[in-house]
Amino acid sequence: MGVFNTGKKVTYDKTSTIIGEGVVIEGATLKATDSVRIDGKFIGDLVVDGNVVIGESGVVVGNIASYSSLISGKINGDIKCTESVHLTSTANINGNIETESLITDDGSTFNGNCRMSRNPNVISNEKA
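For clarity, every value in this text was computed on a predicted model and none was experimentally measured. (Residues numbered from 1 in each chain as written. Predicted model: local features only at pLDDT ≥ 70, side-chain atom pairs only at ≥ 80, totals over all residues. Heavy atoms only, no water.)

### Looking at the nonpolar core
Just so we agree on the cut-off: Among buried residues, those of type Ala, Val, Leu, Ile, Met, Phe, Trp, Tyr and Cys that are joined through side-chain atoms within 4.5 Å constitute a nonpolar core. Whether a residue is buried, partly exposed or exposed follows from its accessible area with a 1.4 Å probe, protein chains only, as a fraction of its type maximum: under 20%, in between, or over 50%, in that order. By definition in these notes, contact holds between two residues if any of their heavy atoms fall within 4.5 Å.
If you look at the biggest cluster of nonpolar residues, it comprises 22 residues, and the most contacted ones within it are Leu46 and Ile79. In contact with leucine 46, other than residues within four places in its own chain, are Leu30, Ile38, Val52, Val60, Asn63, Ile64 and Ala65.

Right, dumping it as structure tokens:
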């Protein structure tokens, strides 16, 4: 496991928006103040003040901007998180990551560049 983190614990147990397995949403920008979970397919950008969870069956074709992200599915786009990004063993990322903390589990795939900063002013929750 690769770990670059600040020691802060992020929890992903409270989710207000769920896009379930078998659901496809195209051409949208989803903006949320709370946490979001994607188990289906989302084509568009996610701008979330809370946490983003992409389940093993989840696919995002677009950019993600959030506080933190837990990725177990596939992302074709950039990820920008003010706190942390955690790639589980089933994660497949094709895009760039910008965050303060990056955790990668064995088996995860990441094709792109990573930029890390401890300055929250450098990384904002604006559209990635």
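### Here we look at the pattern of salt bridges
For the record, the criterion: Here a salt bridge means any side-chain nitrogen of Lys or Arg lying within 4 Å of a carboxyl oxygen belonging to Asp or Glu. Secondary structure elements follow DSSP: runs of H or I no shorter than four residues count as helices, runs of E no shorter than two count as strands, and numbering proceeds from the N terminus.
Tallying each qualifying case throughout the model produces two salt bridges. We note a salt bridge from arginine 37 to aspartate 39, for which the minimum N-O separation is 2.8 Å. Given a relative accessible area of 30%, arginine 37 falls into the partly exposed group. When the shortest N-O distance is used, the salt bridge between glutamate 98 and arginine 115 registers 3.1 Å. Of this pair, glutamate 98 sits in strand β12 (residues 97-99) while arginine 115 is found in strand β15 (residues 114-116), placing the two residues 17 residues apart along the sequence. Exposure remark for glutamate 98: the relative accessible area of 14% places this residue in the buried category. Since its relative accessible area comes to 45%, arginine 115 is described here as partly exposed.

### What to know about the environment of glycine 73
Positionally, glycine 73 belongs in the loop between β8 (64-71) and β9 (74-76). For glycine 73, a relative accessible area of 0% gives the class buried. Spatially, the C-alpha atoms of glycine 73 and valine 60 are 8.3 Å apart, while their sequence positions differ by 13 residues. Not counting residues up to four positions away in its chain, the partners in contact with glycine 73 are Ile54, Gly55, Glu56, Gly58, Thr90, Ala91 and Asn92.

### As for the confidence of the model for the protein
Let me state the cut-off plainly: Confidence scores per residue from the predictor, reported as pLDDT, run from 0 to 100.
On average, residues of the protein score 87 in pLDDT, and 80% of them reach the 70 mark or higher. Low confidence marks residues 1-6, where pLDDT is under 50. Its contacts with residues over four positions away, or in another chain, come to 20 contacts.

### Looking at the pairing of strand β10 (residues 79-87)
Counted only if it meets this: Here a strand pair is declared whenever DSSP counts at least two bridges between the two strands.
A large share of β10 lies buried, amounting to eight of its nine residues. Here β8 runs beside β10; their pairing, made up of seven bridges, is parallel. When the sheet's bridge partners are listed, isoleucine 64 is paired in β10 with isoleucine 79. Here two bridges tie β10 to β12, and the two strands are oriented parallel to one another. Note on β12: the bridge partner recorded for lysine 80 is glutamate 98. Of the strand pairs in this sheet, β10 and strand β13 (residues 101-104) are connected by four bridges, and their pairing is parallel. By the bridge assignment for β13, leucine 87 is matched with threonine 104.

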